[in-house]
Amino acid sequence: MATNEPVRFGVNYLPGPAAETLQWAKAAEDAGFDIVGIADSQSVYRDVHTCLALCAGGTRRVRLGPRVINPLTRHPAVAAGAAATLAEMAPGRTMLGIGTGDSAVLNLGLTPSTRARLRAYVETVRELLDTGQSVWEDRPVRMTWGRGRIPIYLAASGPRMLHLAGEIADGVIINTGLTPEIVRDSIARVRAGAESAGRRLEDVDLWWLPVANVRDDRAAAIDEVAMTLASAGSHLSRFTTEGKHIPPHLLDAVVALGERYRPEEHSKPDSSNRGLIRELGLLDYLADRFAIAGTVDDCVARVEAAAEAGARQFWMSIHFDDKARFLRDFRSVMTALR
């Protein structure tokens, strides 16, 4: 490795039955992962905060939090109260992930949040946790209990969100890709945002969001995560395609993916979005950009290349069925990187 800084790993799960979600959180903790995220998509999966509460009570070390809530389906007072409750259950090891909204928003016929609304949302949640009062959409809001600093992480898949995260967030969940060029550019965008607010890059905790899988055959590994690659690809045309490193010859296909993506099947193993990225000729491109997938040696090489460019923390989406195999086999990747 190019530096002595440790490489850390986390996992993110889609919340199924709550007891099963707890089982996978405990398994990730036992396997040595540093953070467990639970997705928030009320129309497609179980409730994120119910599952997180169960996980908080059933784990001892691993960090926990929603990855991610959004300003449209969670009033800031509701978000602050949920975050404070989780922090009370698992002191010192929680975080709050916030984004513009994906399937949680799209399945309600809503439009994802603007950056301005997201900024105001973060400020309101923070003020409620700090002081117990704030203003949201020109109305006073209160929280009469629960004080303390809970780290807020912003999900970012484009240059303007990376800049905003650098300005206002404690951390950023970077969904831009793992190629060295993209890693370096993403870090530069966060750095610019931090410096514009009188902060340092080191003030922001950077986690990359790869799609991961370990199999003896790389093609089989990629096929198993195709539905999550489709989800990552659908963000490339969200709001704009500018500054997102899309090859010109694939631009029309990427836009078509964003238009035709089916949010009601978001990241489900049997999702028709799997076939969509094959039809559009995007499977290999999305795998090369977003995936840590293949044999142990393939995965080690991918992590090392990203780490050389500056990515040191990987919060991996594990949305396929055979999680036990992944948690077992990825330990070999983690061991090889020590």
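Our subject in this report is the structure included herewith. (Residues numbered from 1 in each chain as written. Predicted model: local features only at pLDDT ≥ 70, side-chain atom pairs only at ≥ 80, totals over all residues. Heavy atoms only, no water.)

## Description of the nonpolar core
Stated formally: What is meant by a nonpolar core is a set of buried Ala, Val, Leu, Ile, Met, Phe, Trp, Tyr and Cys residues, joined one to another through side-chain atoms within 4.5 Å. Think of it in three bands: residues with accessible area under 20% of the maximum for their type are buried, residues over 50% are exposed, and the middle band is partly exposed, with areas taken using a 1.4 Å probe on protein chains only. What makes two residues a contact is simply this: any of their non-hydrogen atoms within 4.5 Å.
Counting 104 residues, the largest nonpolar core has Phe33, Leu229, Phe314 and Phe326 as the members making the most contacts within it. Residue contacts for Leu229: discarding those within four places in its chain leaves Val211, Ile222, Ile277, Leu283, Leu286, Ala287, Phe290 and Ala291. Counting residues in each nonpolar core, the second largest holds 7 residues, with Tyr153, Ile173, Trp207 and Trp315 among its members.

## Some points on the environment of Tyr153
Worth spelling out the cut-off: The helix count covers DSSP runs of H or I at least four residues long, the strand count covers runs of E at least two residues long, and both are numbered beginning at the N terminus. As used in this structure description, the phrase polar contact means that two N or O atoms lie within 3.5 Å; if the pair is within protein, one of them must be able to donate a hydrogen and the other to accept it, and residues adjacent in sequence are counted only when both atoms belong to side chains.
In this structure, Tyr153 sits in strand 7 (residues 152-156). Considered as a pair, Tyr153 and Pro17 are 136 residues apart in the sequence and their alpha carbons are 26 Å apart. Filtering out sequence-adjacent residues up to four positions away, Tyr153 remains in contact with Arg63, Met95, Leu96, Gly97, Ile98, Gly171, Val172, Ile173, Asp205 and Trp207. Side chain to side chain, Tyr153 and Asp205 meet in a polar contact 2.6 Å long.

## Here we look at helix 10 (residues 251-260)
Worth spelling out the cut-off: Along the arc lie the directions from the helix axis toward the C-beta atoms.
For helix 10, the complete set of buried residues consists of Ala253, Val254, Ala256 and Leu257. Projected onto a plane normal to the axis of helix 10, the buried residues spread over an arc of 160° and lie on a single side. Turned more than 90 degrees from where helix 10 packs its buried face, Asp252 and Glu259 sit exposed.

## Quick look at the packing of aromatic side chains
Each pair of aromatic rings is reported with the distance of its centres and the angle of its planes. Put simply, the test is: Aromatic pairs are defined between Phe, Tyr and Trp rings, using the six-membered ring for Trp, whenever the two ring centres lie within 6.5 Å; interplanar angles under 30 degrees are classed as stacked, those over 60 as edge-to-face, and all others as tilted. By definition here, charges over rings are those cases where NZ of Lys or CZ of Arg is within 6 Å of the ring centre and within 35 degrees of the ring normal.
Scanning all chains against the criterion turns up 7 aromatic pairs. Seen in terms of ring centroids, Phe33 and Phe330 are 6.2 Å apart; in terms of plane orientation they differ by 25°. Their pairing is stacked. Taken together, the positions of Phe33 in the loop between helix 1 (18-30) and strand 2 (35-38) and Phe330 in helix 14 (residues 323-336) put the pair 297 residues apart, joining distant regions of the chain. Judged on exposure class, the residue Phe33 and its partner Phe330 are both buried. Considering the side-chain rings of Trp207 and Trp315, the 6.0 Å spacing of their centres and the 65° angle between planes classify their relative orientation as edge-to-face. Of this pair, Trp207 sits in strand 9 (residues 205-208) while Trp315 sits in strand 12 (residues 313-317); the two residues are 108 residues apart in sequence, bridging distant segments of the chain. By the burial criterion, Trp207 is buried, and Trp315 matches it. Cluster of aromatic residues (ring-pair linked, three or more members): Phe9, Phe33, Phe314, Phe320, Phe326 and Phe330. Above the face of the Trp315 ring, Arg67 is positioned so that its terminal group lies 5.3 Å from the ring centre.

## What about the packing of helix 9 (residues 226-234) against helix 10?
Formally: Axis geometry follows a simple rule: fit a line to the C-alpha atoms, using only the stretch in contact for helices, then measure angles between N-to-C directions, giving values from 0 to 180 degrees. For classification, angles of less than 35 degrees are called roughly parallel, those exceeding 145 degrees roughly antiparallel, those between 65 and 115 degrees roughly perpendicular, and all remaining angles oblique. Each residue gets one of three labels, nonpolar for Ala, Val, Leu, Ile, Met, Phe, Trp, Tyr, Cys and Pro, charged for Asp, Glu, Lys and Arg, and polar for the others, Gly among them.
Close contact between helix 9 and helix 10 brings their axes to 9 Å; oriented N to C, the two are set at 105°. Accordingly, the angle class assigned to the pair helix 9 and helix 10 is roughly perpendicular. Touching Ala230, Gly233 and Ser234 of helix 9 are Val254, Leu257 and Gly258, all from helix 10. Here the residues of the contact of helix 9 with helix 10 sort into 3 nonpolar, 3 polar and no charged.

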